[in-house]
Amino acid sequence: MVDLSIKIHELELKNPVATASGTFGYGEEFTDFFDPGALGAIFIKGLTLKNRDGNPYPRMAETASGMLNAVGLQNKGIEHFIENIYPAIKNYNTHIIANVNGSTVEEYISLTEKINELDHIPAIELNISCPNVKEGGMAFGVSCPSAIAVTNAVRKVYDKTLIVKLSPNVTDIAEMALAVEGAGADTISLVNTFLGMAIDAETRKPLLSTITGGLSGPCIKPIALRMVWQVYQAVKIPVFGMGGIMNAADAIEFILSGSSAIQVGTANFIDPQISLKIIKGIEEYMERHGVENVKELVGALED
Amino acid sequence: MKRIEDLSVKNISWLNSNSYVLELSGTKAIPDILPGNFAEIRVDHHPGVFLRRPFSYLDVDEKNNSISFFVKVVGKGSRKLGTLEKGELVNVIHPLGNAFSIPDNKKVLITGGGSGIAPFIMLGRELKSRGNEITIITGGRSSEDILFSEEFKAYGEVLCTTEDGSLGEKGILTEHPIFTKDNFDFDLIYTCGPEGMMKAVAKIARDKGIACEASLEHLMACGFGVCLCCIQETTEGNKCVCTEGPVFNTNDLKW
């Protein structure tokens, strides 16, 4: 029997496979397909203090080997989550991790304080990288001083595991990673989506109502993998890697590049059972390569 | 309960130059499918096709564990599906979405534009079995687009419009004389087709105080309520066409 468990800061994951925020709802949407309790962790849909309707339709465009989205953090707000969703998911046999969004530092703090009171949420993922909101979001994650400011502020009010989700839309990803590590992040997750756009040549119109949106899917995988590797070299804290993971081989590549655990995102839309298949695939890979403990693979890239 | 499964291509029959019926069958009993439900079909091994494609069920054959879809070729995905060989496996997530409401012993009007007729074969059968008096209008650019008239005749009166006048009344669907008759009176109107057509039908229904249900087709990435891409603006905020639709009461839409 191979050992898939891995500890990330204070989080004991039964395996290194988690689902990415915004691609797995609150987990409930997948129970017809498999038991979400099989996962290492679930990063739930991004939360904000108040209800957000998100951006107008159309907010999705299929692209070569991927898709653009401009959802814009549609959710009913933290109070609705606490009253109507949290009770149904809190006893899943896995870690529920909240993805936290704000348009100001104060909003990030207020939201974090509310989530801190929920006993069954052992970690937050500070989203400073959403490309689809006018205020906040990625604006915090593309400059070191603002990333430091928001991470510092949230760190002061939050003692559980603090994960900071980085934007790939920066010149130097390692510099951003070092900045949030210095500001108190326990772990880093990357990458969020790449800012992109799509046009219909016939009509000369953009395909998204917001013109630009976030690119995800296998088309971003090589860039995401490179960024994870650069961050792994730069920081001492563990990394959740993601970006276009479609199968177990992709997941293992991310682990070899330095991810202690991975997040499956866009692939959930195409195969809702993919995370389960990836867990099995990692297990098979380890058996085939005589790897007893998945920790041995983290950053085990050979020359 | 929705499920994910591989079904095999039983038959593909082309109806005209750009549309066909895709029939899939499995070894297990098919799930309970209601008129208005849809399926997300994966198109494998085709460059440029990344996401599944949503299709309304055309019909269900419980005896033979088979389901069929009306597919109009609009892009790479729908074209590729039409080239599959008999016996090839297709991955399907289904059934998805809500369903049309089915009254008893009422007078109903069905309006289908182009490929929007797809869900109405199943709906018509169910409506007829519940004692409803049915009128069906289908609209298209030319006679080539007017499909399934024989099937619809089994349910009630069948009317049609074509923009070039090659069959039925010349003009767009809502220009059919039935809409201006003094005795235009229905308890419920169903509509599916291009958005402009559905909006025009919804307006007629609203003006005459008749309930109207529209089946919407929006771009979607997942089909089961997690990507939040297929949203429709409603009086209660944005709703997902895939889980809270595709059928909406048109009074709830900001049309």
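None of the values given here were measured: they were computed from a predicted structure. (Residues numbered from 1 in each chain as written. Chains lettered and ligands numbered in written order. Predicted model: local features only at pLDDT ≥ 70, side-chain atom pairs only at ≥ 80, totals over all residues. Heavy atoms only, no water.)

Details of the interface of chain B and chain A
Worth spelling out the cut-off: Should any heavy atoms of two residues lie within 4.5 Å, those residues are considered in contact. Once two parts are put together, the accessible area they lose, assessed with a 1.4 Å probe and summed over both, is termed the buried area. Between Lys or Arg on one side and Asp or Glu on the other, a salt bridge is scored when a side-chain nitrogen of the former is within 4 Å of a carboxyl oxygen of the latter. Definition of a polar contact: a pair of N or O atoms within 3.5 Å, with one able to donate and the other able to accept a hydrogen when the atoms are protein atoms, and with sequence-neighbouring residues admitted only if both atoms are side-chain atoms. Gly is placed with the polar residues, together with every amino acid not listed as nonpolar (Ala, Val, Leu, Ile, Met, Phe, Trp, Tyr, Cys and Pro) or charged (Asp, Glu, Lys and Arg).
On the side of chain A, 32 residues touch chain B, which itself brings 26 residues to the contact. Buried area between chain B and chain A, both sides added, is near 2,500 Å², and the carbon and sulfur share of it is 65%. On the chain B side of the contact with chain A, Phe-50, Val-226 and Leu-228 of chain B bury the most area, a combined 28% of that side's loss. Run the count over chain B and chain A and you get 2 salt bridges. Its salt-bridge partner being Asp-32 of chain A, residue Lys-2 of chain B comes within 3.3 Å of it at the nearest N-O pair. On inspection of chain B and its partner chain A, the count reaches 8 residue pairs in polar contact (both at pLDDT 80 or more). Tallied by class, the residues present in the side of chain B that touches chain A amount to 17 nonpolar, 4 polar and 5 charged.

Here's the deal with the pairing of strand β2 (residues 19–25) of chain B
Residues and elements named next belong to chain B. Rules: Only protein chains enter the accessibility calculation, which uses a 1.4 Å probe; a residue whose area is less than 20% of its type maximum is buried, one above 50% is exposed, and one in between is partly exposed. Runs of E in the DSSP output that reach at least two residues are strands. Runs of H or I that reach at least four are helices, and both are numbered from the N terminus. Between any two strands, at least two bridges found by DSSP are needed for them to pair.
Most of β2 sits inside the fold, with 6 of its 7 residues counted as buried. In this structure, strand β1 (residues 3–16) lies alongside β2, joined through 7 bridges in antiparallel fashion. For Ser-13, the partnering residue across the bridge sits in β2 and is Val-21. Between the antiparallel neighbours β1 and β2 lie 2 residues. For β2 and strand β5 (residues 66–72), the ladder comprises 7 bridges, and the chain directions are antiparallel. The residue bridging Ser-25 from the neighbouring strand is Ser-66, located in β5.

Some thoughts on the sheet that holds strand β9 (residues 161–165) of chain A
All names here are of chain A. Rule in force here: Whenever a helix is involved, its axis is fitted only over the stretch in contact; in every case the axis is a line through C-alpha atoms, and angles between N-to-C directions fall within 0 to 180 degrees.
With parallel pairing, the 8 strands of this closed barrel are ordered in space as β3-β4-β7-β8-β9-β10-β15-β16. The sheet shows a mean angle of 25 degrees between the axes of neighbouring strands, taken without regard to direction. When strand β7 (residues 95–100) meets strand β8 (residues 123–127), the two strands line up parallel, connected through 4 bridges. By the bridge assignment for β8, Ile-97 is matched with Ala-123. Across the face of the sheet, helix α2 (residues 105–116) comes into contact with β7 and β8 while running at roughly 160 degrees to β7.

Things to note about the environment of Ile-124 of chain A
Residue and element names in this part refer to chain A. Relative to the helices and strands, Ile-124 is located in strand β8. Counting along the chain gives 36 residues from Ile-124 to Lys-160, while the straight-line C-alpha distance between them is 7.9 Å. Setting aside its immediate chain neighbours within four residues, Ile-124 contacts Ile-97, Ala-98, Val-100, Thr-112, Ile-115, Val-154, Tyr-158, Thr-161, Leu-162 and Ile-163.

Brief notes about the domain arrangement of chain B
Residue and element names in this part refer to chain B. The test is simple: Per the annotation, domain bounds derive from an automatic or database assignment of domains.
Domain annotation of chain B identifies domain 1 (3–96) and domain 2 (107–252). Taken residue by residue, the interface counts 22 residues in domain 1 and 19 residues in domain 2. Between domain 1 and domain 2, a total of about 1,800 Å² is buried, with carbon and sulfur atoms accounting for 67% of that surface. On the domain 1 side of the interface with domain 2, the three residues burying the most area are Pro-35, Leu-58 and Phe-70, jointly 28% of the side's total. Taken together, the connections running from domain 1 to domain 2 amount to 1 salt bridge. The salt bridge partner of Asp-59 is Arg-125, with a shortest N-O separation of 2.9 Å. Where domain 1 packs against domain 2, one counts 2 residue pairs in polar contact (both at pLDDT 80 or more). Of all the elements in the fold, those that place two or more residues in the side of domain 1 that touches domain 2 are β1, β2, β3 (38–41), β4 (53–61), β5 and β6 (89–96). Here the element with the most residues in the side of domain 1 that touches domain 2 is β4; it accounts for 6 residues. Class assignment of the residues belonging to the side of domain 1 that touches domain 2 gives a composition of 14 nonpolar, 5 polar and 3 charged.

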